[in-house]
Every structure is written in C-alpha cells, then in structure tokens.
Amino acid sequence: MSLHTEWIEWSAAGARRRGYAVWLERATLPLPVVVVIQEIWGVDGHIRDMTERFAKAGYLAVAPDLYAADGARPPAMSEERIEAVKAFLDTLPPEAWGSPEKRDEALGRLPEPSRTEIAETLQALFGGMAANMETYVEILDGLVSHLAGLEASRGKPVGSVGYCMGGALSARLAARRQDLAGAVVNYGRLPDAETAKGIRCPLIGFFAELDPGITGQVPDFSEAMERNGKAWEAHVYPGAKHAFFNDTRGAYHVEAAMDAWVRTLEFFRKVLWGKRG
C-alpha cells in the first residue's frame, strides 16, 4: 500500500504554518479530509502513524504542527527535546506528572544541561498549552480554509480527530467552523455549555474510566449538548487510563483503542462519505 506524503503550508495566526499530509497514491482525488490534531507532544511518531492510518482508511489525512511557525519550532519545542521530556516523565509515577513539586524534585537530580533543557521544555509544553489554545484553534481554522482550495481535497467534507490536547481542540474547532462535517474527541477537555451552543456538526468522544479530571466533564457536556439538540455520543472505557490510544506510551489499552478506532472509522464513514449502516 503506497502512500503519498508531503508537508503542506498555509498562513494563519501571523505566520506560515505546516502540516504532515498523507493519502493513498492510487486513490482518486479529491478525497474527504481527516485533520489529525496532536497530543501535547506535537506531531511525533505516534501522530504521524495515526495520520498514515487514516490515509490508509481512504482519507486525505493531515496533522498540523501547532508548534512550528515560518518553517521551524522554537529550540525548546524540538522533537528531540520533547522526546527527552517523555523519557524523564516515564521515570516518575503518573500521579507526579501534574505536581510541579514532585517534578522539580526529580529534575534536581538530573545533571546539567539536561536539567535546564527539560525544565524549559516542560514549561513550554504545559504552560504553552494553557496560554495558546486560541492560537492553535486559529491555526486549525486556517488549515480548514486552505484545504477547501487544495486540489487533493477541493470540495470535499472535512472532519477532525484529536488526542488529549488535540481532543479539546477538535471540539473547539467544531464550535468555530460551521462547515466542519464532524469531530472526534479522544480524552480531551470538553467545551463549556456556552461554547457547546455553537457546535453544528456531530461529535463523538472516547474517554477513560481512570481519567476523572477529564471524564468527569462528560455528564455536564452531554446534558448541554442534549439540551441544545446537538448530535453527541460518548464512550467511557472501564479500566482504561488517559492516553489509552497511544501505543507508544505506558497507558495504552488495546481493547479500548480497538473499539475507539472502529467507532471512529464508522463515524467518519457516515459524516464524510455519507454512508449509513
């Protein structure tokens, strides 16, 4: 199965942006689009793999690199630095990831320059996620507009799927773009009730039982969506942890990931190809 891969560019939020685009070489163009929205780790090996999986399923799949501007990332956000942060966090118990005190204690045991570099990248990642979500939505909005004129996708519907931070952005993009055909949220924070009013397209979400900070938002969001007559369904997987879909991380849960994958493909089959049953 031969894939065409390239990095496409568009302008958004005051800079040139880039995204990893993939489609089957033998597919007849144009194709419906799946925008694959990164975890906090960026367009890493896992997200590139997911993009290729969607392309093999029959879509033009594109993963925007939310950390790159004008062709490059800041040094602290390089893929090598982020991989070092992943390795560092893997030495800590999961409950310590969200504790600055426990992270700082572990950082203090590292030699220089690793200590300073990992601290800088941690701040850039987790601080940036909180500070830059609106900018990231602007980048995604610009990508959807760009795809409307791209030969490989012109005139075809666009859907989004995101993981963790990307899951939250997938829902926000649905509220921003009235022409989005559908959105998938994988263990991402859900919009508030006011934002939910702006969603026009169908949404589906996949969540982990052992991820209470995020999964605990599902009942209120479900109630808001139902109250406003929005199409939404949520699936919560018993025994699964946050990031259960990422098969490069310790939380990977094969049964949950398999079920979410099948349901995601069926969802896109309906909203992007118009197929029922």
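Note on numbering: residues in each chain are counted from 1, in written sequence order. With pLDDT at 70 or above as the cut-off, local features in this predicted model cover only qualifying residues; side-chain atom pairs require 80 or more to be listed or tallied, and sums for whole chains, interfaces and linings still use all residues. Based on all heavy atoms of the structure, the side-chain values leave hydrogens and waters out of the count.

**Here we look at the sheet that holds strand S7 (residues 203-210)**
Filter applied, for reference: Strands pair, by our definition, only if DSSP identifies at least two bridges between them. Helix and strand definitions follow DSSP, with helices as H or I runs of at least four residues and strands as E runs of at least two, each counted in order from the N terminus. Here an angle of 0 to 180 degrees is reported between the N-to-C directions of two axes, which are lines fitted to C-alpha atoms, with helices fitted over the stretch in contact. It only takes one pair of heavy atoms within 4.5 Å for two residues to be counted as in contact.
Sheet architecture is open: eight strands sit in the order S1-S2-S4-S3-S5-S6-S7-S8, paired in mixed fashion. Pairing within the sheet leaves two strands with one partner each, and these edge strands are strand S1 (3-12) and strand S8 (232-241). Across the sheet, the mean angle separating the axes of adjacent strands is 20° when strand polarity is ignored. Taken together, the five bridges between strand S5 (residues 158-163) and strand S6 (residues 182-186) define a ladder with parallel strand orientation. In the sheet register, Gly-159 faces S6, and the bridge partner there is Gly-182. Lying over the sheet, helix H9 (residues 218-227) contacts S7 and S8, oriented at roughly 170° with respect to S8. Packing of helix H10 (residues 254-273) onto the sheet brings it into contact with strand S3 (33-37), S5, S6, S7 and S8, and relative to S6 it is tilted by some 170°.

**Here's the deal with the packing of aromatic side chains**
Counted only if it meets this: Two rings belonging to Phe, Tyr or Trp (six-membered ring only in the last case) form a pair when the distance between their centres is within 6.5 Å. Interplanar angles under 30 degrees mark stacking, angles over 60 mark edge-to-face geometry, and anything in between is tilted. Exposure categories follow from relative accessible area, calculated using a 1.4 Å probe and restricted to protein chains: below 20% of the type maximum is buried, above 50% is exposed, and the middle band is partly exposed. When the NZ atom of lysine or the CZ atom of arginine is within 6 Å of a ring's centre and also within 35 degrees of its normal, the charge is said to sit over that ring.
Scanning the entire structure with this criterion turns up 14 aromatic pairs. Between Phe-54 and Phe-268, the ring centres sit 6.0 Å apart and the planes meet at 75°, which makes this aromatic pair edge-to-face. You can see Phe-54 sitting in helix H1 (residues 45-56) and its partner Phe-268 sitting in helix H10, a full 214 residues away along the chain. Judged by its relative accessible area of 0%, Phe-54 falls in the buried class. Classification of Phe-268 as buried rests on a relative accessible area of 0%. Centre to centre, the rings of Phe-206 and Tyr-237 are 6.4 Å apart; their planes meet at 15°, and the pair counts as stacked. Here Phe-206, found in strand S7, pairs with Tyr-237, found in strand S8; they are 31 residues apart in sequence, far enough to count as distant. For the pair shown, Phe-206 and Tyr-237 are each scored as buried. Joined through ring pairs, the aromatic side chains of Phe-54, Tyr-59, Tyr-163, Phe-245, Trp-261, Phe-267, Phe-268 and Trp-273 make up one cluster. Positioned over the ring face of Trp-7 is Arg-18, at 5.2 Å from the centre of the ring. Lying over the aromatic face of Trp-261, Arg-53 brings its terminal NZ or CZ to 6.0 Å of the ring centre.

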